[in-house]
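In case you want the letters, here they are:
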Amino acid sequence: MHIPDAFIPIWQGTIYWVIALVFVAFALKWAKNELNEEKLPLVAVLAAGIFALQSFNLPVSMGTSGHLVGGALVAIVLGSPFAAVFILTLVLIVQGVIFGDGGITTMGINILNMGVIGGFVGYFSFRGLKAVTGSMPFSAFSAAWLACFIPALCAAVELWFAGTFPLEAGMFAMGIYYAIIGVVEGVITVAAIYLIVSVRPDMVDKGVMSGKTGAIA
Amino acid sequence: MIDNKILIAGGLVIAILIGVAAVFQASGDPDGLESTALVIQ
């Protein structure tokens, strides 16, 4: 889902950068208030794990491939969508600056899609589904799928606005591909949550396994 | 429950294993956004 440089005009990239920076500022505020010696190791491990998982693509049929985005996973485990903005921003900076995955002018739009939209969609859809169904695996899988699918549709709209993709064809193709990729995202998200809960349940947001959910920020 | 040092060490080992070993299972197909660009163009 990383939009590379030259897929959108510079002026549009600047606007997305400004919007992303607003959310990054809130994410830094979240980090200042919430990160302590207890949570910091989990944040470090999640950032390293998401960087590794985003570094290779798994085959998902139809001649395409996909990788974990991680916005939903981070937001669910740490109990805030701003956690996703914080960690995805760190990962995207390293990927864009050092590994050429994504781009510099498009880093704002990538933070917006994967960190902001992915994190907020993942977190709030998990909270809503968990409150209704009470099932963590179902809620986490669905939230992760939505956090993959909806940002992809947003990217299609953004790329249409940039003149890169036609709207209908872009949304149709992106929708189909990311609906499939989202299944991989959902399975890995549920597995990762179970793994983290099994080794350090005290670090995970209370709402993940119980009926309660943590504060937004 | 494991302590913080083991959590960090274990997490980094898993990340490194994914980054090194799983590359052999990685797909050569373009990802969703690149596939869409190829299909449309």
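Quick notes on the rules
- Throughout this description, residue numbers start from 1 for each chain and increase along the sequence as written.
- Here the convention is simple: chains get letters from A, ligands get numbers from 1, in the order in which they are written.
- Per-residue local features of the predicted model are confined to residues with pLDDT of at least 70, and side-chain atom pairs are confined, for both listing and counting, to 80 or more; whole-chain, interface and lining totals are unaffected and use all residues.
- Calculation of side-chain values draws on the structure's entire complement of heavy atoms; hydrogens and water are dropped beforehand.
- Only Phe, Tyr and Trp rings take part, Trp by its six-membered ring, and two of them pair if their centres are within 6.5 Å. Stacked means planes under 30 degrees apart, edge-to-face means over 60, and tilted covers everything else.
- Numbering of helices and strands starts at the N terminus; helices are DSSP runs of H or I of at least 4 residues and strands are runs of E of at least 2.
- Between buried and exposed lies partly exposed: a residue is buried under 20% and exposed over 50% of the maximum accessible area for its type, with that area taken using a 1.4 Å probe on protein chains only.
- On a scale of 0 to 100, pLDDT captures the predictor's confidence in every residue.
- Only heavy atoms matter for contacts: two residues are in contact if any of them lie within 4.5 Å across the pair.
- Buried area: the sum, over both parts, of the accessible surface (1.4 Å probe) that disappears when the two are put together.
- For salt bridges, the criterion is a side-chain nitrogen of Lys or Arg within 4 Å of an Asp or Glu carboxyl oxygen.
- Polar contacts here mean pairs of N or O atoms no more than 3.5 Å apart (in protein, one a potential hydrogen donor and the other a potential acceptor; neighbouring residues in sequence count only if both atoms are side-chain atoms).

**A look at the packing of aromatic side chains**
All names here are of chain A.
- Tallying each qualifying case throughout the model produces nine aromatic pairs over all chains.
- Judged by centre distance (5.9 Å) and plane angle (40 degrees), the rings of Phe 26 and Phe 82 are tilted. Of this pair, Phe 26 sits in helix 1 (residues 10-34) while Phe 82 is found in helix 4 (residues 81-98), placing the two residues 56 residues apart along the sequence.
- Seen in terms of ring centroids, Trp 30 and Phe 86 are 6.1 Å apart; in terms of plane orientation they differ by 55 degrees. Their pairing is tilted. Of this pair, Trp 30 sits in helix 1 while Phe 86 sits in helix 4, placing them 56 residues apart in sequence.
- Owing to a relative accessible area of 3%, Trp 30 belongs among the buried residues under this scheme.

**Observations regarding unusual backbone geometry**
Residues and elements named next belong to chain A.
- Positive phi is not limited to glycine here, since Ala 6 has a value of about 80 degrees.
- Relative to the helices and strands, Ala 6 resides in the segment before helix 1.
- The class for Ala 6 is exposed, based on a relative accessible area of 72%.

**What about the confidence of the model for chain B?**
- Mean pLDDT over chain B: 81, with 100% of residues reaching 70 or higher.
- Two numbers describe this predicted complex: its pTM, 0.88, and its ipTM, 0.72.

**Quick look at the interface of chain B and chain A**
- Listed as interface residues are 27 residues of chain B and, on the opposing side, 39 residues of chain A.
- When the two sides are added together, the surface that chain B and chain A hide from each other amounts to roughly 2400 Å², 73% of it contributed by carbon and sulfur.
- Counting the surface chain B buries against chain A, the share from its top three residues, Leu 7, Leu 33 and Ile 40 of chain B, is 24%.
- There are zero salt bridges connecting chain B and chain A.
- Along the contact surface separating chain B from chain A lie seven residue pairs in polar contact (both at pLDDT 80 or more).

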